[in-house]
Amino acid sequence: MIHKKRYIATLAIGITSLLLIAPLSMHGSPKDGALDPSIPPRKASASTWKQLADISHRSEPQVRFGALLSPANKSQRPVEVIVGLKSPGSRRGVWKGRILISPTERDAVESELAHMPGVSVLERDELPAVQITLYSPATFERLRRQPWVDYVEPAYASAELSSIGCTAPPPISNSTLDSSGDILPWNFPYHRIPEAWRRIASGPHGGPGQNVTIGVVDTGILQGNTQLTMPQFAAGQSSGRQVINIATPTIFNPYTTCDHGNRVSALIGAPRDGINMEGIAWKSNLINVASHTTVVVGHDEALSVVDGIRMAHTLGAQIITMAFGNHVVLGNLYLVGDTIRYEYYRTDLRPVLFVGAAGTTVCPFGATAYPGYLDEVIQVAGASEQHTPVYGESCYGESVDIAAVVGLGGIETAGAGPDQYLGLGSSSGATATIAGILALIWSEHPTWSRDKVRDRLYASAQGYRDPEMGWGVPDAFRAVGGLASLSINGPKFLDELSQPYMLSANTGFAEGPFSYLWSTGETTPTIHGIGPAKKLTPVTRTLRVTDTRDGTTLASTFTLRPEPTGRPCAREESDARICDH
């Protein structure tokens with residue numbers, strides 16, 4: 001896995017605000033081996049009771065505590081927080097797929113917490129974390145000094161940003177009609193998605209995305225939607241698949257008036273039914289989990305996002321799309337990050353790939369969105385048609401892994417029903433595009449590990465890692481094993497008379513099977529020859545390769561040129577360009 005640069009300053013998809021987290025408590029004597037150097041300590045910012053109160057009391061859950069109080073009295077009101085738990089002396093309570101506190105220790109810690117004056121325990125998480133209510137600054141100060149406290153973060157924050165990302169841009173009009181009668185989104189050819197479909201269809205594993213399940217943890221789908229509900233979801237050429245539309249207990253209803261999740265899901269997997277925009281992986285299964293109400297996910301919806309990620313993975317998602325981020329400047333949503341890592345490394349469920357957005361519009365200090373910049377997440381940025389950054393539409397940085405073409409105006413996606421279209425741009429559109437391409441790779445190679453699927457995605461792009469756009473813009477046709485390029489390997493020069501040479505076809509990681517035809521009439525991937533015996537002249541050979549599975553044919557020409565030895569030649573030798581040593 002490529003380790004990404006961590007950022008203290010990170011972006012919200014659209015807005016910045018403060019996340020304030022209590023510092024890691026390191027009181028007590030570390031146990032032997034507790035400070036494992038492979039486990040990094042928390043990077044936490046200092047927070048005070050006032051900061052926790054200011055964040056928590058801007059949220060809607062404040063009605064639990066009665067009428068609103070004046071700002072002067074906020075410090076007297078209770079706050080809800082999440083407390084991470086750990087073994088005294090350890091750096092964390094959970095790291096990747098390992099829970100580092102024993103059940104006995106956790107029970108003892110939770111008992112001590114429950115009996116602490118000024119604390120009410122609300123809910124116990126499956127990871128070592130507990131949601132509690134704190135009733136006074138003194139209780140908070142006493143809590144943060146405990147050696148078993150991993151972190152303290154607000155359980156709620158401002159709900160004032162609940163409409164961001166919920167209004168679709170105008171749909172783009174430069175898409176084209178596909179042979180199926182569906183409209184082909186304009187950015188698909190830039191990734192050679194139609195060619196990838198053709199190759200997949202010619203193979204033994206069914207259609208694009210078949211037998212791959214994608215979880216979309218987002219805002220849910222539009223009320224009255226037919227394209228992303230049964231039976232229309234499995235209509236036309238998209239037969240034989242399933243969609244599950246669910247919501248977390250917090251959100252409750254999977255059908256919403258916020259269209260962001262609808263647009264993301266439709267771009268990934270809308271049906272090829274002849275009546276609307278088709279998705280990338282139109283034979284895939286979808287799990288749409290409504291877990292939040294805006295693309296800016298802060299503390300107010302972090303617990304619901306955690307539920308959404310777990311629900312999608314438990315139901316069998318192999319790819320989980322997270323086209324959202326948080327607007328933090330000083331810290332992270334620790335429980336969200338711990339959950340992503342834990343789900344990524346757990347072995348009792350299907351291996352999962354997380355795909356996250358780099359962020360949009362506001363990118364302070366060159367930062368990208370959390371949780372997309374985690375090492376366990378494929379972070380996606382938007383790109384222009386020329387495969388360059390689209391500043392103002394997407395954020396960029398060293399944590400970005402891959403990019404997708406979204407242009408300046410976004411992409412068309414299917415709306416709620418026939419002939420209804422919505423726009424989706426920036427890093428959200430790019431994230432959905434990459435999730436769809438991953439599903440194409442996995443459907444073509446159903447036995448591959450998730451790491452091999454991810455690495456094939458990267459390898460299909462530009463071939464080197466850019467500091468802003470990662471591996472660049474992937475070629476879906478190349479990624480599914482198509483014959484995307486052809487060259488000939490061989491010596492560059494002939495510097496002796498009658499010199500033997502060997503030429504061989506280089507089809508990259510295309511998977512064939514292939515037929516070969518050289519200009520010499522030979523039909524093997526490698527040919528051998530002997531250079532001229534009397535006079536060195538250029539030798540040119542042409543190769544034509546056909547992928548006999550999908551019909552793709554490419555040609556390449558190779559020229560072996562004479563090379564002087566380096567000392568001046570006599571006039572009579574100059575044509576031969578061969579001189580005595």
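Everything that follows concerns the structure shown earlier in this document.
Attention here is on the structure that accompanies the text. Everything numeric in this text was worked out from a predicted model, so none of it was measured. (Residues numbered from 1 in each chain as written. Predicted model: local features only at pLDDT ≥ 70, side-chain atom pairs only at ≥ 80, totals over all residues. Heavy atoms only, no water.)

Topic: the sheet that holds strand β17 (residues 402-405)
For clarity, the threshold we go by: When DSSP finds at least two bridges between two strands, those strands are taken to pair. Numbering of helices and strands runs from the N terminus, with a helix taken as a DSSP run of H or I at least four residues long and a strand as a DSSP run of E at least two residues long. Geometry is summarised by axes, namely lines fitted to C-alpha atoms with helices restricted to the contacting stretch, and by angles between N-to-C directions that run from 0 to 180 degrees.
The sheet built from seven strands is open, its strands ordered β11-β13-β9-β14-β15-β16-β17 with parallel pairing. Of all the strands in the sheet, the pair left with one neighbour each is β11 (243-247) and β17. On average, each strand axis in the sheet is tilted by 25° relative to the strand beside it, whichever way the strands run. Sheet topology places strand β16 (residues 377-383) next to β17; four bridges connect them, and they run parallel. The residue bridging A381 from the neighbouring strand is A403, located in β17.

Overview of the pairing of strand β13 (residues 285-290)
What counts is decided by this rule: Between buried and exposed lies partly exposed: a residue is buried under 20% and exposed over 50% of the maximum accessible area for its type, with that area taken using a 1.4 Å probe on protein chains only.
Most of β13 sits inside the fold, with six of its six residues counted as buried. The alternating pattern of β13 places N285, I287 and V289 and L286, N288 and A290 on opposite faces, both of which are buried. Bridging between strand β9 (residues 213-218) and β13 involves six bridges; their strand directions are parallel. In the sheet register, V216 faces β13, and the bridge partner there is N288. Inspection of the sheet shows β11 paired to β13 by five bridges, in the parallel sense. Its bridge partner lying in β13, I244 is registered against I287.

Quick look at the nonpolar core
The condition is simple: As used in this record, nonpolar core signifies buried Ala, Val, Leu, Ile, Met, Phe, Trp, Tyr and Cys residues forming a set joined through side-chain atoms within 4.5 Å. Contacts were defined at the residue level, with two residues in contact if any of their heavy atoms lie within 4.5 Å.
Counting residues in each nonpolar core, the largest one holds 66 residues, and the members touching the most others are I214, I319, I402, L438 and L440. The residues contacting L440, other than those within four sequence positions of it, are I193, A196, W197, I200, P208, G209, I280, A281, A476 and V480. One finds A155, A312, V336 and Y342 within the second-largest nonpolar core, a separate group that totals 33 residues.

With respect to the packing of aromatic side chains
Remark: the centre distance and the inter-plane angle together describe each pair of aromatic rings, the angle taken between the planes. Which entries qualify depends on this criterion: A pair of Phe, Tyr and Trp rings is counted when the ring centres sit within 6.5 Å of each other, with Trp represented by its six-membered ring. The angle between the planes then sorts it: under 30 degrees is stacked, over 60 is edge-to-face, the rest tilted.
According to the stated counting rule, one finds nine aromatic pairs in the structure shown. On the numbers, 5.5 Å between centres and 75° between planes, the contact of Y391 with Y396 is edge-to-face. Note on Y391: relative accessible area 56%, which makes it exposed. Owing to a relative accessible area of 7%, Y396 belongs among the buried residues under this scheme. Ring centres of Y458 and W471 lie 6.2 Å apart, and the angle between their planes is 20°; this geometry places the pair in the stacked category. Note that Y458 is positioned in helix α9 (residues 450-459) and W471 in the loop between α9 and α10 (476-479), a separation of 13 residues in sequence. Summarising the burial analysis for this pair, Y458 and W471 share the class buried.

A closer look at helix α3 (residues 137-144)
Cut-off, in case you're wondering: In this description, one arc is meant: the one made by directions from the helix axis to the C-beta atoms.
Looking only at α3, the buried set comprises T139, F140, L143 and R144. Buried positions in α3, seen along its axis, are confined to an arc of 125° and lie on one side of it.

What to know about the sheet that holds strand β4 (residues 119-124)
Taken in spatial order, the four strands make up an open sheet running β4-β5-β1-β6, and their pairing is antiparallel. Two strands in the sheet have a free side with no partner beyond their single neighbour: β4 and β6 (149-154). Strand-to-strand, the axes of this sheet are offset by a mean angle of 30°, without reference to chain direction. With six bridges joining them, strand β1 (residues 79-85) and strand β5 (residues 129-134) adopt antiparallel strand pairing.

What to know about the side chain of R346
Our working rule: Nitrogen and oxygen atoms within 3.5 Å of one another constitute a polar contact, given that in protein one can donate a hydrogen and the other can accept it, and given that sequence-neighbouring residues count only through two side-chain atoms.
Within the secondary structure layout, R346 lies in the loop between α7 (334-345) and β15 (353-357). At 3.1 Å, the side chain of R346 and the side chain of E343 are in polar contact. Looking at R346, its side chain comes within polar contact range of the side chain of D348, at 2.8 Å. Contact partners of R346, with chain neighbours within four places excluded, come to E126 and H313.

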